[in-house]
Amino acid sequence: MLARTTSSQVTASVEATAFLEAAATTFRSPACDSDATLSFGIDLGTATIVLTAVDRQGRPAYWDSLPCQAVRDGVVVNFGDAVAAVKQLKATATAALDREIAAAATAFPPAEARACRYVLENAGITCRQLVDEVTAAQALLQLTEGAIVDVGGGSTGVGVVMNGTIIALDDEPGGGYHLDLILAGALGISIEEAEERKRRGDHDYSHILRPGIERIASSIVRQIGEHPVQSIHLAGGAVRVPHAASIVTAFSGIKAWAYPHSELVTPFGIAMS
């Protein structure tokens, strides 16, 4: 039997969906006045590095991304490529927004906090805030109760929220990269092409990826443990697979929410942190 859905969970989902729909339209297209005060975030992901900006009211103002495989399984494995990508994103954003980007927040996977700070500093950006990825996602989702799940390329992080506060936080190996391996093997294509097809979301590969999604769901259940969670909120590019939420719901017995443009939840949450 599924856990009961509360009105606060529905409200949080609707508000986050509206934000993400608006955020998607700001890709390399600023939605702010030239003199607006902006806060920036940089997400060092496994497949992409993302730069985001929000205005003083917390509204999405701009975002850009570059493919970069500088991070693997939650570890910065190519420092130079990560710095170069951040420098390029900074230069593009500076031209688009007509302002210097002096400081930004960033999020860290397990054990990589200092490395993420050093990437920003070597790209000429002061790191104003370091947050874990689940806390960054909560900055956008603003849940009262439930579990936030950040499915990264190499790991899946889970934060249990009660009364608006994260009371438990964990992370386990396994995420989007493992789905890429499954899809690449099934279709006889490269891992890079599998990642691109998965992110485009223009074809339903859920029948192929179900075992991998269920593995992620099993990790979520383990990390939730005995906490009385009534909803699961999925973030990350890995969960853009059609029917991912319904597969997690069926496996866990807990209602799972998917968001449009779920890959933007954590990057924009970083800027809001």
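Everything numeric in this text was worked out from a predicted model, so none of it was measured.

A. Representation of the overall build of the chain. Check the secondary structure of the chain and you find 9 helices and 12 strands. Against the 2.2 N^0.38 benchmark of 19 Å for 273 residues, the chain shows a C-alpha radius of gyration of 18 Å, consistent with a compact globule. Counting every position in the chain, which comprises 273 residues, the buried fraction comes to 53%. Counted over contacts in the chain with a minimum sequence separation of 6, partners at least 24 positions apart contribute 63%. Counting 20 positive and 30 negative side-chain charges, the chain places the centres of these two groups 1 Å from one another.

B. Representation of the pairing of strand β2 (residues 48–55) within the structure. For β2, the buried fraction is high: 8 of the 8 residues fall into the buried class. Side chains of β2 alternate between two faces, with Thr48, Val50, Thr52 and Val54 and Ile49, Leu51, Ala53 and Asp55 buried alike. Here strand β1 (residues 38–44) pairs with β2 via 7 bridges, running antiparallel. Within β2, the residue paired with phenylalanine 40 across the bridge is alanine 53. Counted along the chain from β1 to the antiparallel partner β2, the turn is 3 residues long. In the sheet, β2 pairs with strand β3 (residues 60–67) via 7 bridges, with the strands oriented antiparallel. When the sheet's bridge partners are listed, valine 50 is paired in β3 with serine 65.

C. How the structure looks around the pattern of salt bridges. Within the structure shown, the criterion is met by 8 salt bridges. For the salt bridge of glutamate 214 with arginine 210, the shortest nitrogen-to-oxygen distance reads 3.7 Å. With glutamate 214 and arginine 210 both in helix α7 (residues 206–224), this residue pair falls 4 residues apart, about one helical turn. Glutamate 214 sits in the partly exposed class, given a relative accessible area of 27%. The class of arginine 210 is partly exposed, set by a relative accessible area of 39%. Salt bridges here are not isolated pairs; linked through shared partners, they connect Asp180, Glu195 and Lys198.

D. View of the sheet that holds β3. Ordered by their spatial adjacency, 5 strands build an open sheet running β3-β2-β1-β6-β7, and the pairing between neighbours is mixed. Each end of this open sheet is capped by a strand with a single partner; those strands are β3 and β7 (126–132). Sheet twist, expressed as the average angle between the axes of neighbouring strands with direction ignored, equals 20°. Packing against the sheet, helix α9 (residues 265–272) makes contact with β1, β2, β3, β6 (103–108) and β7, and its axis sits at approximately 45° to β2.

E. The arrangement of the sheet that holds strand β12 (residues 255–257) in detail. Taken together, 5 strands build an open sheet; the order of strands is β10-β9-β8-β11-β12 and the sheet is mixed. Each of the sheet's edge strands pairs with one partner strand only, and the pair in question is β10 (165–173) and β12. Taking each pair of neighbouring strands and ignoring which way they run, the sheet shows an average axis angle of 20°. The pairing of strand β8 (residues 146–151) with strand β9 (residues 155–162) spans 6 bridges and is antiparallel. Each residue of the ladder has a partner; that of valine 151, found in β9, is threonine 156. Contacts between helix α4 (residues 133–141) and the sheet are confined to β8, β9, β10 and β11 (231–235), with β8 contributing the most and set at about 120° to the helix. Packed on one face of the sheet, α7 meets β8, β9, β10 and β11 and runs near 40° to β9.

F. A look at the side chain of lysine 90. Looking at where lysine 90 falls in the secondary structure, it is placed in helix α2 (residues 79–97). Despite being buried, lysine 90 has no salt bridge partner; glutamate 100 is the closest side chain of opposite charge, sitting 4.8 Å away. With residues up to four places along the chain from it excluded, the contact list for lysine 90 reads Leu51, Glu100, Ile101, Ala123, Gly124 and Ile125.

G. Representation of the packing of helix α5 (residues 176–187) against helix α6 (residues 191–200) in the model. For the pair α5 and α6, the least separation of the axes is 8 Å and the interaxial angle reads 110°. By the angle class used here, α5 and α6 are roughly perpendicular. Counting all contacts with α5, which are made through Gly176, Tyr177, Leu179, Asp180, Leu181, Leu183, Ala184 and Leu187, the residues of α6 involved are Ile191, Ala194, Glu195, Arg197 and Lys198.

H. Quick peek at the side chain of serine 262. Summarising the element assignment, serine 262 is placed in the loop between β12 and α9. Judged by its relative accessible area of 2%, serine 262 falls in the buried class. Ignoring any residue separated from it by four or fewer positions in sequence, one finds serine 262 in contact with Leu234, Ala235, Gly236, Val239 and Arg240.

I. Molecular detail of the confidence of the model for the chain. When pLDDT is averaged along the chain, the result is 90, and 92% of the positions lie at 70 or above. Across the chain, α9 holds the top mean pLDDT of 97, while strand β4 (residues 71–72) sits lowest at 70.

Rules of the game
Residues numbered from 1 in each chain as written. Predicted model: local features only at pLDDT ≥ 70, side-chain atom pairs only at ≥ 80, totals over all residues. Heavy atoms only, no water. Helix = DSSP H or I, 4+ residues; strand = E, 2+ residues; numbered from the N terminus. Rg over C-alpha atoms; globule rule 2.2 N^0.38 Å. Buried < 20%, exposed > 50% of the residue type's maximum accessible area, 1.4 Å probe, protein only. Contact = heavy atoms within 4.5 Å. Lys, Arg positive; Asp, Glu negative; His and termini not counted. Charge placed at Lys NZ, Arg CZ, Asp CG, Glu CD. Pairing = 2+ DSSP bridges. Salt bridge = Lys/Arg side-chain N within 4 Å of Asp/Glu carboxyl O. Axes fitted to C-alpha atoms, helices over the stretch in contact; angles between N-to-C directions. Parallel < 35°, antiparallel > 145°, perpendicular 65-115°, else oblique. pLDDT = per-residue confidence, 0-100.

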